[in-house]
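Observations on the three-dimensional arrangement
Okay, here's what each chain looks like letter by letter:
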Amino acid sequence: MAKLDNIIHQPIRLRIMSALVALDVGEQVDFVYLRKILKLTDGNLGAHLAKLENARYIKIEKTFIARKPRTFINVTGKGRDTFNEHVTALRKIIGKAKK
Amino acid sequence: MDISKREAKDSLNQIETATAQTRKSIASNYDSPLLILWGLIWFTGFILTHFFLPWVWLIWMGLCGIGTAVTLLVGWWQFHTGSPVKTPAAEKIGWRIFWFWTLLFVYMFIWLSILKPRHGIQMNAFMCTAIMFAYVVTGLWSKSFYMLWLGLAVTGFTLIGFYFIPPSYYCLWMAPTAGGALFAMGLYMRLRWR
C-alpha cells in the first residue's frame, strides 16, 4: 500500500524531488540551474539535497567541465519509487476524502 | 503520517508546478535561442523575397546557410561547455536529430523534384508545411506540446497564405505570421519559462 514519506513531504524537498523526477531516467541537473529553477539559496538547496542524499533518494556528482567545478544531481531508482509512492498516497487521500 | 485532504491537494499542486516549471525551463534553455534565430531568419527571408524576388534563391540559401551554421554551433557549444542537464545518451540523441533534419531536407528535395511545383509560392508553402510537419512529429515524440501547437499554427498560417492571400502579398503575410510565430514563441519561452 502506498504511503507518505516524511523526508519527501517537506515542501522544499517535495519541490526538489518534483523537479528531479521531471527529468528522464539517468539525466542529471546542474546545481546552479536547479537552484535557479526552484528559486532557492545555495545554503538552503545544499542542506535539503544533503538530506535527500542521506536517504539515498538522490545522487550528487562533482565534476569538472571546461576546468570549472560543476555539481550534478540526479534522482536514484529508490528516490523515484518513493516519490511515486508518495504521490499515489497523496492522490488516495484526496480520493478518500471525496467519498 | 496523517495529513488533511487540503494539505494533500496543496502538495500535489506543488508537485505539478515544480514538474512543469522544470520541463519548461529545460525546453526554454535549449529551444528558445533556436526559435528566435529561425523566426528572425524566416521573417527576414520573406521580407527580402517580397522586395527582391529575382534574388530569392540567393536570399534563402544565404539565410538558411547562416541559420544552419549557427544552429550547429549552438548544439556543439551546449554539448561541449556543459549544458545544465546531462543526458547519458546526449551525443546519440544529438546525432539522431542531426540526421533527422538532414534526411528531411534530402527527402524534401526528392519530393520537389517529383512534384515539380509550378510557382515559387507553391514551393515555399510545401517547404514550410514539411518543416512544420517535422515540428509536429518532434513535439509528439518528445512530449513538447508547444512544438506541436507551434507546428500546427504555422501550418495553418501557411495554408491561409496559400489559399486566401493574393500571391503578391504572400511573403508579406508569411513574414509576421510564420516567422513571427517562431520568434514570438522563442521570446515567450525565454522570458516566461525560465
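One can find the structure itself at the top, above this paragraph.
Residues numbered from 1 in each chain as written. Chains lettered and ligands numbered in written order. Predicted model: local features only at pLDDT ≥ 70, side-chain atom pairs only at ≥ 80, totals over all residues. Heavy atoms only, no water.

**Overview of the overall build of chain A**
Looking only at helices and strands, chain A features 5 helices and 3 strands. Secondary structure elements of chain A, listed N to C terminal, follow the sequence α-α-β-α-α-β-β-α. With respect to the principal axes defined by its C-alpha atoms, chain A has extents near 60 × 25 × 20 Å. Here chain A holds 99 residues, and the buried ones make up 52% of them. Here the analysis covers contacts within chain A between residues at least 6 apart in sequence; of these, 58% occur between residues at least 24 apart. When the accessible area of chain A is evaluated, it comes to approximately 5,400 Å², of which 53% is carbon and sulfur surface. (Helix = DSSP H or I, 4+ residues; strand = E, 2+ residues; numbered from the N terminus. Buried < 20%, exposed > 50% of the residue type's maximum accessible area, 1.4 Å probe, protein only. Contact = heavy atoms within 4.5 Å. Areas by Shrake-Rupley, 256 points an atom, 1.4 Å probe, with all protein chains shown as cover.)

**Structural notes on unusual backbone geometry**
Positive phi, normally seen in glycine, also occurs at A:Arg56, with a value near 65°. Looking at the element boundaries, A:Arg56 is found in the loop between α4 (42-54) and β2 (58-65). A:Arg56 sits in the exposed class, given a relative accessible area of 63%. With a phi close to 45°, B:Lys116 is a non-glycine residue in the positive phi region. Relative to the elements of secondary structure, B:Lys116 occurs in the loop between α3 (90-115) and α4 (120-142). The exposure class of B:Lys116 is exposed, given its relative accessible area of 59%.

**Regarding the sheet that holds strand β1 (residues 85-86) of chain B**
As summarised here, the arrangement of the 4 strands in space is β2(A)-β3(A)-β1(A)-β1(B), forming an open sheet in which the pairing is antiparallel. Across the chains shown, the open sheet's two edge strands, defined by having one partner strand only, are β2 of chain A together with β1 of chain B. Here 8 bridges tie β2(A) to strand β3 (residues 68-75) of chain A, and the two strands are oriented antiparallel to one another. The residue of β3(A) that forms the bridge with A:Glu61 is A:Phe72. Along the sheet, helix α2 (residues 11-21) of chain A contacts β1 (28-30), β2 and β3 of chain A; its crossing angle with β3(A), the most-contacted strand, is approximately 90°. (Pairing = 2+ DSSP bridges. Axes fitted to C-alpha atoms, helices over the stretch in contact; angles between N-to-C directions.)

**Quick notes on the interface of chain B and chain A**
Tallying the contact residues gives 29 residues for chain B and 32 residues for chain A. For the pair chain B and chain A, the summed buried area comes to about 2,700 Å², and 66% of that belongs to carbon and sulfur atoms. The interface formed by chain B and chain A holds 0 salt bridges in total. Counting the contacts that link chain B with chain A gives 4 residue pairs in polar contact (both at pLDDT 80 or more). Listing elements by their share of the side of chain B that touches chain A, those giving two or more residues are α1 (5-51) and β1 of chain B. If you tally residues by element for the side of chain B that touches chain A, the top one is α1(B), at 16 residues. (Buried area = accessible area lost by both parts, 1.4 Å probe. Salt bridge = Lys/Arg side-chain N within 4 Å of Asp/Glu carboxyl O. Polar contact = N/O pair within 3.5 Å; in protein donor to acceptor, adjacent residues only side chain to side chain.)

**Some remarks on the pattern of salt bridges**
Side chains that differ in sign of charge can pair as their charged atoms come close. Residue and element names in this part refer to chain A. By the definition in use, this model includes 2 salt bridges over all chains. The salt bridge partner of Arg70 is Asp30, with a shortest N-O separation of 3.3 Å. With Arg70 in strand β3 and Asp30 in strand β1, the pair connects residues that are 40 residues apart, well separated along the chain. What makes Asp30 buried here is its relative accessible area of 8%. Here Arg35 ties to Asp42 by a salt bridge, and the two come within 2.6 Å at their closest N and O atoms.

**Focus on helix α3 (residues 31-38) of chain A**
Residues and elements named next belong to chain A. Within the span of α3, buried status applies to Phe31, Tyr33, Leu34, Ile37 and Leu38. Looking straight down α3, one finds its buried side chains confined to an arc of 160°; they lie on one side. Taken from the residues just after α3, Lys39 is the one with a positive phi, measuring 55°. (Arc of directions from axis to C-beta.)

**Details of α4(A)**
Residues and elements named next belong to chain A. With 13 residues, α4 should cover 18 Å at 1.5 Å per step; its first-to-last C-alpha distance of 18 Å lies within 8% of that length. Where α4 is buried, its residues touch α1 (6-9), α2, α3, β2 and β3. Following α4 by one or two positions, Arg56 has its phi on the positive side, about 65°. (Expected span 1.5 Å × (residues − 1).)

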